[in-house]
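The primary structure of each chain is shown beneath.
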Amino acid sequence: MAEEHVHAAAAYAALAETYAADHEDQTPWNSLYERPAIISMLPDLKGKRLLDVGCGSAPISAWAASQGAEVVGFDLTENMVALAQGRQIPKASFRVADLSEPLHFLEDHAFDVAVGSLVMHYLRDWVAPLRELRRVLRPDGLLLLSTHHPSWDIERSATGNYFATELVDDRWTRAGKEYEVRYWRRPLRDMFAAFDTAGFSVLAFSEPQPVPECRERFPQEWELLSTRPVFVIFKLAPAT
Ligand SMILES: C[S@@+](CC[C@H](N)C(=O)[O-])C[C@H]1O[C@@H](n2cnc3c(N)ncnc32)[C@H](O)[C@@H]1O
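Small disclaimer: the values here were computed from a predicted structure and weren't measured.

K.L.:
Please clarify how the sheet that holds strand E9 (residues 231–238) should be interpreted in this entry.
P.N.:
Whenever strands of a sheet pair, they do so through backbone hydrogen bonds, lying parallel or antiparallel. Read across the sheet, seven strands follow the order E3-E2-E1-E4-E5-E9-E8 without closing on themselves; strand pairing throughout is mixed. Here the strands that pair on one side only, and so sit at the sheet edges, are strand E3 (92–96) and strand E8 (200–206). Between one strand axis and the next, the sheet turns by 15 degrees as a mean value, whatever way the strands run. Where E8 lies against E9, six bridges are found, and the strand directions are antiparallel. The residue bridging Val202 from the neighbouring strand is Leu236, located in E9. Where helix H7 (residues 188–198) meets the sheet, its contacts fall on strand E5 (137–148), E8 and E9, and the angle it forms with E8 comes to roughly 145 degrees.

K.L.:
Sorry, what's going on with the nonpolar core here?
P.N.:
Soluble, globular proteins show a tendency: their nonpolar side chains are buried together. Ranked by size, the top nonpolar core spans 31 residues in total, and within it Leu51, Leu99, Leu130, Leu143 and Phe195 carry the most contacts. The biggest single contributor to this core is H7, with five residues. Setting aside anything within four residues of it in sequence, one finds Leu51 in contact with Val72, Phe74, Leu106, Phe111, Val113, Ala114, Val115, Leu133 and Val136. Counting 17 residues, the second largest nonpolar core, distinct from the first, contains Ala37, Leu42, Ala69 and Leu144.

K.L.:
Whenever I open this one, the environment of Val136 confuses me. Can you help?
P.N.:
With respect to the helices, strands and loops of the structure, Val136 is situated in helix H5 (residues 127–136). On the basis of relative accessibility, which here comes to 0%, the residue Val136 falls in the buried class. Residues Val136 and Pro208, 72 residues apart in the sequence, show an inter-C-alpha distance of 27 Å. Beyond its immediate chain neighbours, meaning those up to four positions away, Val136 contacts Leu51, Leu106, Glu107, Asp108, His109, Ala110 and Phe111.

K.L.:
I tried to follow helix H4 (residues 78–86) on my own but got confused; where do I start?
P.N.:
Owing to its 3.6 residues per turn, the α-helix aligns residues three or four sequence positions apart on the same side. For H4, the complete set of buried residues consists of Met80, Val81 and Ala84. What you see down the axis of H4 is that its buried residues fit within an arc of 100 degrees, all on one side. Exposed positions of H4 whose direction lies more than 90 degrees from the buried face are Glu78 and Gly86. Immediately downstream of H4, the backbone of Gln88 shows phi near 50 degrees, a positive value.

K.L.:
Can you help me understand a nonpolar patch on the surface in this one?
P.N.:
A cluster of nonpolar side chains, Phe192, Val202 and Phe205, forms an exposed patch at the surface whose accessible area comes to about 220 Å². Within the secondary structure, Phe192 is located in helix H7.

K.L.:
Teacher, can you tell me more about unusual backbone geometry here?
P.N.:
With glycine set apart, most residues show a phi of negative sign, and most peptide bonds adopt trans. In this structure, Ala58 takes a positive phi of about 80 degrees despite not being glycine. Relative to the assigned elements, Ala58 resides in the loop between strand E1 (49–53) and helix H3 (59–66). When its relative accessible area of 0% is taken as the criterion, Ala58 is described as buried. The backbone phi angle of His109 is positive, close to 50 degrees, even though this residue is not glycine. Among the structural elements, His109 can be located in the loop between E3 and strand E4 (111–117). Under the relative-accessibility criterion, His109 is labelled partly exposed at 46%.

K.L.:
Would you mind going over the packing of aromatic side chains with me for this structure?
P.N.:
Centre distance and the angle of the planes are the two values used to describe a pair of aromatic rings. For the coordinates displayed, the defined rule picks out 11 aromatic pairs. Measuring from ring centre to ring centre gives 5.1 Å for Tyr162 and Phe163, while their planes differ by 90 degrees; the resulting arrangement is edge-to-face. The exposure class assigned to Tyr162 is partly exposed, which follows from its relative accessible area of 26%. Using a relative accessible area of 48% as the deciding quantity, one classes Phe163 as partly exposed. A centroid spacing of 5.7 Å and a plane angle of 55 degrees characterise the contact between Phe192 and Phe205, whose relative ring orientation is tilted. Of this pair, Phe192 sits in helix H7 while Phe205 sits in strand E8; the two residues are 13 residues apart in sequence, bridging distant segments of the chain. One aromatic cluster is present, formed by Trp126, Phe192, Phe195, Phe205 and Phe234 through successive ring pairs. Between the NZ or CZ atom of Arg124 and the centre of the ring of Trp184, over which it lies, the distance is 5.3 Å. One Lys or Arg, Arg156, reaches over the ring of Trp152 and ends 4.7 Å from the middle of that ring.

Calculation notes
The numbering scheme is per chain: residues are counted from 1 as the chain's sequence reads. Reporting of local features is limited, given that this is a predicted model, to residues whose pLDDT is at least 70; pairs of side-chain atoms are given and counted only at 80 or more, and all residues count toward the totals for whole chains, interfaces and linings. Water and hydrogen atoms play no part in the side-chain values, which are based on all heavy atoms of the structure. Here the rule is simple: two strands pair whenever DSSP picks up at least two bridges between them. The secondary structure listing takes helices from DSSP runs of H or I that are at least 4 residues long and strands from runs of E that are at least 2 residues long, numbered from the N terminus. To obtain each axis, a line is fitted to C-alpha atoms, and for helices this fit is confined to the stretch in contact; angles are then taken between N-to-C directions over 0 to 180 degrees. A contact between two residues is defined here by any heavy atoms of the two lying within 4.5 Å. Residue types Ala, Val, Leu, Ile, Met, Phe, Trp, Tyr and Cys, when buried and joined through side-chain atoms within 4.5 Å, form a set referred to as a nonpolar core. Each residue gets one of three labels from its accessible area relative to the maximum for its type: buried under 20%, exposed over 50%, partly exposed in between, using a 1.4 Å probe on protein chains only. Taking the helix axis as origin, the arc is that swept by the directions to the C-beta atoms. Surface patches are defined over residues having more than 30% relative accessible area and no salt bridge, joining like charges when they lie within 9 Å and nonpolar side chains (Val, Leu, Ile, Met, Phe, Trp, Tyr) when within 5 Å. Method for areas: the Shrake-Rupley scheme with a 1.4 Å probe, in which residue coverage is limited to the protein chains shown. For this document, the term salt bridge refers to a Lys or Arg side-chain nitrogen within 4 Å of an Asp or Glu carboxyl oxygen. Any two rings among Phe, Tyr and Trp, with Trp reduced to its six-membered ring, count as a pair given centres within 6.5 Å; such a pair is stacked if its planes are under 30 degrees apart, edge-to-face if over 60, and tilted if neither. In our convention, an over-ring charge means Lys NZ or Arg CZ found within 6 Å of a ring centre and within 35 degrees of that ring's normal.

What follows is the structure, given as structure tokens:
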């Protein structure tokens with residue numbers, strides 16, 4: 001496993017319980033901003049097979065299963081996978097796997113939809129993992145990816161160079177504890193180039209807004225999230 005992946009797994013091993021509990025409690029960043037936005041870009045999932053890429057504690061899988069999908073999820077972090085399995089989501093299975101490695105456990109064209117919610121920024125190289133996701137998707141399938149917006153992460157950049165692809169050292173405070181989290185920042189043009197090289201067409205590109213409930217419950221975060229692009233979402237299809 002590459003050094004940055006060891007770091008992501010270690011960071012999320014420490015964060016797992018808090019991160020999962022935050023999700024249940026409705027956080028401004030996830031359940032009132034990123035998740036409703038990515039869900040709003042998904043097709044009808046009844047009877048579909050969905051791959052939850054970097055599933056964490058499986059909030060996307062739980063939602064997809066509630067809509068009638070059959071789900072397979074994987075994540076680098078064992079504790080996250082254990083939390084996902086512990087939810088006992090019907091017609092869902094979860095395992096530990098690394099998106100930066102070939103996904104040998106998945107067959108070609110096995111999924112109608114793949115969702116990678118806030119996972120791509122843990123990877124330095126996007127092209128090989130995207131090619132794997134293209135392989136496991138049906139030719140008429142869809143891939144939804146959300147990631148950090150590069151203009152948000154530039155505030156923590158060591159170089160201040162928007163066009164650089166660089167590792168960002170961040171610190172998150174959760175439940176009064178500080179966690180060191182490291183991820184990759186790259187310009188939007190490199191994201192689009194990686195999609196193209198890996199054989200995906202971009203169907204939609206979203207700089208989402210938080211849902212109205214965020215304003216009532218978390219006015220400070222709403223102010224930030226409704227005036228700055230923090231996350232970005234892509235809807236992709238295998239190019240023909
Ligand atoms: C911000 S969390 C998002 C989790 C989940 N998608 C959600 O929406 O709650 C990022 C997840 O990506 C996982 N991750 C990081 N690097 C990964 C990799 N190389 N392969 C698979 N999962 C990875 C982490 O373990 C963590 O669970």
